[in-house]
Amino acid sequence: MSRSSRVTARPSSEGRAVARTQTLLKGSNGIGTVRRTVLPGGLRIVTETLPAVRSATFGIWAHVGSRDETPTLNGATHYLEHLLFKGTEKRSALDISAAIDAVGGEMNAFTAKEYTCYYARVLDTDLPLAVDVVCDMLTGSLIREEDVVAERGVILEEIAMTEDDPGDVVHDLFARTMYGDTPLGRPVLGTVDTINALGADRIRRFYKKHYDPRHLVVAAAGNVDHNKLVRQVRAAFEKAGALGRTDAEPIGPRTGTRRIRTAGRVEHVNRKTEQAHVVLGMPGLARTDERRWALGVLNTALGGGMSSRLFQEVREKRGLAYSVYSYTSGFADTGLFGVYAGCRPGQVHDVLRICRDELDKVAADGLGDEEIKRAIGQLSGSTVLGLEDTGAIMNRIGKSELCWGDQMSVDDLLARIAAVTPDDVRSVARDVLTQRPSLAVIGPLKEKQAARLDEAVA
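Right, let's walk through the structure included here. None of these values were measured; they are calculated from a predicted model.

Some remarks on the overall build of the chain
And then number 1: Tallying secondary structure elements over the chain gives 16 helices and 14 strands in all.
And then number 2: Computed over the C-alpha atoms, the radius of gyration of the chain is 23 Å, within 12% of the 23 Å expected from 2.2 N^0.38 for a compact globule of 458 residues.
And then number 3: Overall, the chain is about 75 × 50 × 40 Å in size when its C-alpha atoms are taken along their principal axes.
And then number 4: By the burial criterion, 53% of the 458 residues in the chain qualify as buried.
And then number 5: Across the chain, the fraction of contacts at a sequence separation of at least 24, relative to all contacts at a separation of at least 6, is 78%.
And then number 6: Between the averaged position of the 60 positive side-chain charges in the chain and that of its 60 negative side-chain charges there is a distance of 3 Å.

This is the structure in structure tokens:
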């Protein structure tokens, strides 16, 4: 794939404001070509064309996540995600789901800290239907009081379901440990108190503020004709009166200056579980940091698979845990690096000691060249294998447009990973792993065990 910056102005019909179309990545014979069109009003449409497949995934990304919420609005973004499925002037909730079910498609949405996405995956011949349904949801949601009341019970059940999975909740606890009572430290789902306090009027105001076309990115991948899709999306938004001011421009990628200033914090929730669930970690890198490629290789070597150091030391050699891994999370202006393990409560301190020892060794001595080579191969392979369907490709191009304002081809991405050197990995290991960690634990620890948790972050 090669990059192209050719921009063409395409008025859809006489007298209408002009849309700007650009080829971002030029594939071979059009296969894998990525194009972007910016409509008057700031709505962006990006597509990747794959004529050889018979499916298409269509999504709309909103530049809003839980970090855009005030304390009293915590959970509003996710609440709104649910409500957009509850009906429009054109369709009831049943009509929305039945339309996609009737063609064997699948439809869903997800909310994250910094964005929300709604999508449908269908046969290529049914793409116009997916466009019509998803655009109708995004532009014409009624957000009725009765729907807010009914969906409140569903969301409270979702919170309860999550609370029943301590292996999931411990990551929310770790975010709170690192970020405190800030938007990044609060749960995406909200809390029972904040969800019970949210009413239709407040959610409608949140919807109107954040679902302006300047804040939206339409993304589609598969057997897609870019120009035809642009016409369909434009018609859907115009019919709903949702294109906004013709002179409006898209908002840029999110920026900020947030830094994690806490270190050595320990949070323990005493709960009667069979396992203790722990996350030990420290500040990572923002998603725009050029060192993120080296951090990805480091993360893979430390805890990204069965040959990783943590898996070998904790599970294979000592049998102390079934699940142990490391992970990174990158936001616009900050990030996290964490190590998760689930183990019997009586073995928490052994597991924490081994994990801390391995982090300290890598911070001091780096990784071996063979470990780095293996990690680069693993990361490269898993990256490509994770992009083998139209849904994953839609996610890649939609998130790239929203979060970076640019597109990177898979070949370029693989080249960036392959270019990571042992010195790059050792440097980022020193930068990240020498920071004083924090710790989140959920499990039935005895009083003396809980009192010793500070040892892991000393």
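There is more to say, and it comes next.
Re helix α8 (residues 226-239)
And then number 1: Compared with the 20 Å implied by 1.5 Å per residue over 14 residues, the 20 Å span of α8 between its first and last C-alpha is a close match.
And then number 2: Among the residues of α8, His-226, Leu-229, Val-230, Val-233, Arg-234, Ala-236 and Phe-237 are the ones counted as buried. End-on view of α8: buried residues confined to an arc of 160 degrees, all on one side of the axis.
And then number 3: In this structure, the buried residues of α8 make contact with β3 (18-26), β4 (34-38), β5 (44-49), β6 (55-62), α3 (127-140) and β9 (216-222).
And then number 4: Its side-chain oxygen at 3.1 Å from the backbone nitrogen of Asn-227, Asp-225 defines the N-terminal cap of α8.
And then number 5: Once α8 ends, the next one or two residues include Gly-241, with phi positive near 65 degrees.

As for the pattern of salt bridges
Oppositely charged side chains may form a pair once their charged atoms are brought near each other.
And then number 1: Tallying each qualifying case throughout the model produces 38 salt bridges.
And then number 2: A salt bridge links Arg-44 to Glu-401, with the shortest nitrogen-to-oxygen separation between them at 3.5 Å. Highlighted residues: Arg-44 in strand β5 and Glu-401 in helix α13 (residues 390-403), separated in sequence by 357 residues.
And then number 3: Since its relative accessible area comes to 5%, Arg-44 is described here as buried.
And then number 4: On the basis of relative accessible area, Glu-401 is assigned to the buried category, the value being 3%.

Description of the packing of helix α9 (residues 292-303) against helix α12 (residues 369-385)
And then number 1: Where α9 meets α12, the closest approach of the two axes is 8 Å, and the angle between their N-to-C directions is 105 degrees. When the axes of α9 and α12 are compared, the pair comes out roughly perpendicular. Counted together, Gly-296, Val-297, Thr-300 and Ala-301 of α9 and Glu-371, Ile-372, Ala-375, Ile-376, Gln-378 and Leu-379 of α12 form the full contact between these two elements.
And then number 2: Broken down by class, the residue content of the contact of α9 with α12 amounts to 6 nonpolar, 3 polar and 1 charged.

A closer look at helix α2 (residues 93-101)
And then number 1: Of all the positions in α2, only Ile-96, Ala-99 and Ile-100 are classed as buried. Along the axis of α2, the buried positions cluster into a sector of 90 degrees, meaning they face one direction only. Residues of α2 that are exposed and angled more than 90 degrees away from the buried face: Leu-94 and Asp-101.
And then number 2: On its buried face, α2 sits against β7 (106-111), β8 (116-123) and α3.

What about the packing of aromatic side chains?
And then number 1: Summed over the entire model, instances satisfying the criterion amount to 9 aromatic pairs.
And then number 2: Plain terms: the ring middles of Phe-85 and Tyr-118 are 6.3 Å apart, the flat faces sit at 35 degrees to each other, and that makes the pair tilted. Here Phe-85 is found in the loop between α1 (76-83) and α2, whereas its partner Tyr-118 is found in strand β8, with 33 residues between them in sequence.
And then number 3: On the basis of relative accessibility, which here comes to 1%, the residue Tyr-118 falls in the buried class.
And then number 4: Here Tyr-207 and Tyr-211 contribute two aromatic rings whose centre-to-centre distance is 5.4 Å and whose plane-to-plane angle is 50 degrees, an arrangement assigned as tilted.

Quick notes on unusual backbone geometry
For residues other than glycine, phi is negative in most cases, and the peptide bonds are mostly trans.
And then number 1: Positive phi, normally seen in glycine, also occurs at Ile-143, with a value near 45 degrees.
And then number 2: In this structure, Ile-143 sits in the loop between α3 and α4 (145-163).
And then number 3: Taking relative accessible area as the criterion, Ile-143 reaches 2% and is therefore assigned buried.

Rules and cut-offs
- Residues numbered from 1 in each chain as written.
- Predicted model: local features only at pLDDT ≥ 70, side-chain atom pairs only at ≥ 80, totals over all residues.
- Heavy atoms only, no water.
- Helix = DSSP H or I, 4+ residues; strand = E, 2+ residues; numbered from the N terminus.
- Rg over C-alpha atoms; globule rule 2.2 N^0.38 Å.
- Buried < 20%, exposed > 50% of the residue type's maximum accessible area, 1.4 Å probe, protein only.
- Contact = heavy atoms within 4.5 Å.
- Lys, Arg positive; Asp, Glu negative; His and termini not counted.
- Charge placed at Lys NZ, Arg CZ, Asp CG, Glu CD.
- Expected span 1.5 Å × (residues − 1).
- Arc of directions from axis to C-beta.
- Polar contact = N/O pair within 3.5 Å; in protein donor to acceptor, adjacent residues only side chain to side chain.
- Salt bridge = Lys/Arg side-chain N within 4 Å of Asp/Glu carboxyl O.
- Axes fitted to C-alpha atoms, helices over the stretch in contact; angles between N-to-C directions.
- Parallel < 35°, antiparallel > 145°, perpendicular 65-115°, else oblique.
- Nonpolar A, V, L, I, M, F, W, Y, C, P; charged D, E, K, R; others polar.
- Phe/Tyr/Trp six-rings, centres within 6.5 Å; stacked < 30°, edge-to-face > 60°.

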